[in-house]
Amino acid sequence: MDVLSDVVSAARTGRPHSGRVTRSAPFAERFAPVPSAGFHIVLQGTCWLLPSQGEPIALGPGDVAFLPRGSAHGLADNPATPVNEPPATLTEVHEGRGDEATAGRPPTVVMLCGAYLLDGSGPHPLLNDLPEIIHLPTRVGRHRELRAAVELLGVELEGDIRPGSDTVLLTLLDLLLLYILRAWFEEQRVAGHSATGWAAALHDPAVAAALRAIHEDPARPWTVEELGAQARLSRAAFARRFTQLIGQPPLTYLTWWRMTTAARLLRTCDAPVNTIAQQVGYSSQYTFTHAFKRRYGLPPGSYRHHVS
């Protein structure tokens, strides 16, 4: 089981929003915070990303800016340009294909902008471990798969809709999210910034092996000793390393992931609650319901009705 793919599948809800956006100088716009992961990718030209806190970030051709928690921000041709009101939102960007009218002015920047809708009831700690803004500048020879996905998305959003375009766009956007996260974690590893946290955990052979085991079979009644055996470490050494990198003990994470998996199943399938309880390791529906309500504040049936 690929842990990163599993985490993204559990966090995602609905279909992503995306569109090709063109702006001509002078321009400045503000984006309101959203319960989503937003992104801006420069296809042509340059602009500035304006965080709600911190210094402006220059974006050039091929640069990727990813906002894991959809924080408020702005885009401008120049940090000194006054920001227009009211704010826009990335969850309203759609798969537009022609350039917007620029009143005869040449475009300053052409971008791919959008957002991934996320389950806000309990973000995965992997996503919480990310900074407010991830900036992945273009570098020759780095993250070639990410650059290829960006180029393909740019081509797909040019011109008229072609046969199969809907499926192509959704597939490319799914790939884009995984490639962005993969690139970020790889950057942290190369830079030596991943002594703890998920960037380190995904590249730690012992902890990664235990995570794969949990994600592959969350219903199994795992013990710390059994997970330690998957990691090829003693019980004490494994528990210590897992807790240091993940931020919680192995069985606490196991319970958390079971509830996250159960919530995803309740949102996406019609299986009875007792069947879902068994799929995530609970032989008693009563025990499962109690654990689920403690996590989400609602019993499973009410949660399913609420999110449907």
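Relevant structure appears above.
For clarity, every value in this text was computed on a predicted model and none was experimentally measured. Along each chain, numbering runs from 1 in the same order as the chain's sequence is written. This being a predicted model, a pLDDT of at least 70 is required before a residue's local features are given, and a value of 80 or more before pairs of side-chain atoms are given or counted; all residues contribute to the totals for chains, interfaces and linings. Side-chain measures here rest on the full set of heavy atoms in the structure, leaving out hydrogens and waters.

Trainee: Explain the packing of aromatic side chains to me, and be specific about the residues and the numbers.
Mentor: Aromatic rings from Phe, Tyr and Trp, taking only the six-membered ring of Trp, are treated as a pair when their centres fall within 6.5 Å; an angle between ring planes under 30 degrees marks them as stacked, one over 60 as edge-to-face, and anything in between as tilted. Applying the stated rule across the entire model yields 10 aromatic pairs. Where Tyr253 meets Trp256, the ring centres are 6.3 Å apart and the plane angle is 20 degrees; that geometry is what we call stacked. Linking Tyr253 with Trp256, this pair stays in helix H9 (residues 250-268), spanning three residues, or about one helical turn. For the pair Tyr253 and Trp256, a shared accessibility class is recorded, and that class is buried. Ring geometry for Tyr296 against Tyr303: centres 5.1 Å apart, planes inclined by 50 degrees, an arrangement best described as tilted. An aromatic cluster of three or more residues is present, and its members are Trp198, Phe238, Phe242, Tyr253 and Trp256. Definition used: whenever NZ (Lys) or CZ (Arg) falls within 6 Å of the ring centre and also within 35 degrees of the ring normal, the charge is taken to sit over that ring. The ring centre of Trp222 lies 4.1 Å from the NZ or CZ of Arg220, which sits over that ring. A run of DSSP states H or I qualifies as a helix once it reaches four residues; a run of E qualifies as a strand once it reaches two. Both are numbered from the N-terminal end. Only protein chains enter the area calculation, which uses a 1.4 Å probe; residues under 20% of their type maximum are buried, those over 50% are exposed, and those in between are partly exposed.

Trainee: Summarise the pairing of strand E9 (residues 109-117); cite the residues concerned and give the values.
Mentor: Burial runs high along E9: eight of the nine residues are buried. The pairing criterion for strands is at least two bridges between them, as found by DSSP. The pairing of strand E1 (residues 17-23) with E9 spans seven bridges and is classified as antiparallel. Its bridge partner being in E9, His17 is matched across the sheet by Ala115. Of the pairings in the sheet, the one linking strand E3 (residues 36-45) to E9 comprises nine bridges and is antiparallel in character. Looking at the pairing, Ala37 lines up with Tyr116 of E9.

Trainee: I'd like a description of the sheet that holds strand E8 (residues 84-88), backed by residues and values.
Mentor: Sheet architecture is open: five strands sit in the order E5-E4-E7-E2-E8, paired in mixed fashion. Each edge of the sheet is formed by a strand with only one pairing partner; in this case those strands are strand E5 (57-59) and E8. The mean inter-strand angle of the sheet, taken between neighbouring strand axes irrespective of direction, is 25 degrees. By the bridge criterion, four bridges tie strand E4 (residues 47-51) to strand E7 (residues 73-76) in an arrangement that is antiparallel. Within the sheet, the bridge partner assigned to Leu49 lies in E7 and is Leu75. Every angle, taken between N-to-C directions, lies between 0 and 180 degrees, and every axis is a line fitted to C-alpha atoms, over only the stretch in contact when it is a helix.

Trainee: So what's going on with H9? Which residues, and what values?
Mentor: Turn by turn, an α-helix covers 3.6 residues, leaving residues three or four places apart pointing in a common direction. By this rule the span expected of a helix is its residue count minus one, scaled by 1.5 Å. Over its 19 residues, H9 runs 27 Å from end to end, which matches the ideal 27 Å to within 8%, given 1.5 Å per residue. Extensive coverage of H9 is indicated by the burial of 14 of its 19 residues.

Trainee: Describe the sheet that holds E9, listing the residues and the values that go with them.
Mentor: Read from one edge of the open sheet, five strands run E1-E9-E3-E6-E10, paired in antiparallel fashion. Among the strands making up the open sheet, the edge pair consists of E1 and strand E10 (134-136). Adjacent strand axes in the sheet meet at a mean angle of 15 degrees, parallel and antiparallel pairs treated alike. Inspection of the sheet shows strand E6 (residues 64-67) paired to E10 by three bridges, in the antiparallel sense. Across the sheet, the residue bridging to Phe66 is Ile134, located in E10.

Trainee: Pulling in residues and values, what's your account of the pattern of salt bridges?
Mentor: The term salt bridge refers to a pairing of a side-chain nitrogen on Lys or Arg with a carboxyl oxygen on Asp or Glu at a separation within 4 Å. Applying the stated criterion across every chain, the model contains 11 salt bridges. Where Arg182 meets Glu145, a salt bridge forms, and the shortest distance between an N and an O atom there is 3.5 Å. Residue Arg182 is found in helix H4 (residues 165-191), and its partner Glu145 is found in helix H3 (residues 144-156); the two are separated by 37 residues along the sequence. By relative accessible area, Arg182 is classed as partly exposed at 46%. Residue class for Glu145 comes out partly exposed when judged on its relative accessible area of 28%. The structure contains a network of salt bridges with shared partners spanning Arg139, Arg142 and Glu187.

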